[in-house]
Amino acid sequence: MNSIEPSFDRYTSGTLRDRVFAALRSAGVNPQAFKPAQLREADHFHTGGLQATSFVANSLGLGAGTRVLDVGAGLGGPARCFAMRGALVTGVDITAEFVDLARELDANCALDRSITMLQRPGHDTGLADASFDAAVLMHVGMNLADKPSVFAEVWRLLRPGAVFGIYDLMGTNNLPYPMPWAEHAEASFVESAADYAGALKDAGFAITGQVERTVEVLEVLEQMRGALEAGTDPLATPLVLREDGPLAVANLSVAITSRQLVPLLMLASKPA
């Protein structure tokens, strides 16, 4: 998850590298040389986890040679999954700790030639016009106060005919906190699907579809809650979760079950 706000530091801990490497070692994996799949759920910080990452990749047709922009790339778990399909990925994120660790993990699993990680905000990447075939934004919007500026930047970066997939939690911001992305409502920018669609259309995109993932997400969240309670498998849950992780995941489950939040993949395209 990313943020357009430079002061947003919920994701900076200073200990993330140590925790990721310790989790790999505890699973018998050498953190200096491993396969992306061995990180399992640890680097997929969005509802539905690795399963959702694969669903997004399939929905956008990401494959060999696809030039992909990942906005709010985090630790790079999705980027590595896309690269394993043959895609060439550029990830942007404002959190230095994420970017530095993602680069190291990419190198340690021999994907650094397929992935470029940049510490840049999603609304001002400095990248070239029309340089991507596809873009993804996965559970980033809840941290974006100014989504239209990010959507406008993605429009600029995509070639005509390219696809944009947004996989976010959409709905109301009248939620129980903490949530995995925010401690309180003032740091959360949840919006409705209609708001997303309007901002995308204003940027020039055509909405081509949307897919709800509530059933699949609730199944994965239940597994995650069990893993957090057991505390015996650190690779079974996102390692970005903070100390309030169990409560945040429980609150998230309640909000999705009550349909205050809907996990939704919204698909858009830049007209040719």
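What you see is a predicted model, and the numbers here were worked out from it, not measured in a lab. (Residues numbered from 1 in each chain as written. Predicted model: local features only at pLDDT ≥ 70, side-chain atom pairs only at ≥ 80, totals over all residues. Heavy atoms only, no water.)

Student: Is there a simple way to think about the overall build of the chain in this case?
Tutor: When its secondary structure is counted, the chain shows eight helices and seven strands. On the principal axes, the C-alpha backbone points of the chain span a range of 50 × 45 × 35 Å. For the chain, buried positions account for 55% of its 272 residues. Considering only contacts in the chain between residues 6 or more positions apart, those separated by 24 or more positions represent 78%. Carbon and sulfur atoms form 51% of the exposed surface of the chain, whose accessible area is close to 10700 Å². Across the chain, 21 positive and 31 negative side-chain charges occur, with their mean positions spaced 6 Å apart. (Helix = DSSP H or I, 4+ residues; strand = E, 2+ residues; numbered from the N terminus. Buried < 20%, exposed > 50% of the residue type's maximum accessible area, 1.4 Å probe, protein only. Contact = heavy atoms within 4.5 Å. Areas by Shrake-Rupley, 256 points an atom, 1.4 Å probe, with all protein chains shown as cover. Lys, Arg positive; Asp, Glu negative; His and termini not counted. Charge placed at Lys NZ, Arg CZ, Asp CG, Glu CD.)

Student: I'm lost on the packing of aromatic side chains in this one. Help?
Tutor: Here a ring pair, both rings aromatic, is described through the centre-centre distance and the interplanar angle of the planes. This structure, assessed with the given rule, holds four aromatic pairs. Between F151 and Y196, the ring centres sit 6.3 Å apart and the planes meet at 40°, which makes this aromatic pair tilted. Note that F151 is positioned in helix α5 (residues 147-157) and Y196 in helix α6 (residues 193-203), a separation of 45 residues in sequence. Take F151 and Y196: they sit in the same class, and that class is buried. Centroid distance W155 to F205: 5.5 Å. Interplanar angle 90°. Geometry classified as edge-to-face. Of the two residues, W155 sits in helix α5 while F205 sits in the loop between α6 and β6 (206-212), which places them 50 residues apart along the sequence. (Phe/Tyr/Trp six-rings, centres within 6.5 Å; stacked < 30°, edge-to-face > 60°.)

Student: Would you mind going over the pairing of strand β3 (residues 115-119) with me for this structure?
Tutor: As paired elements, strand β2 (residues 88-93) and β3 share five bridges and run parallel to each other. The partner of V89 across the bridge, within β3, is I115. (Pairing = 2+ DSSP bridges.)

Student: Would you mind going over the pattern of salt bridges with me for this structure?
Tutor: Opposite charge on two side chains allows them to pair when their charged atoms are near. Under the definition given, this model contains 13 salt bridges. R103 serves as the salt-bridge partner of D100, at 3.9 Å between the closest nitrogen and oxygen. One end of the pair is D100 and the other is R103, both in helix α4 (residues 96-108) and three residues apart, which spans about a single turn. Salt bridges sharing partners connect three or more residues here, namely D43, R80 and D106. (Salt bridge = Lys/Arg side-chain N within 4 Å of Asp/Glu carboxyl O.)

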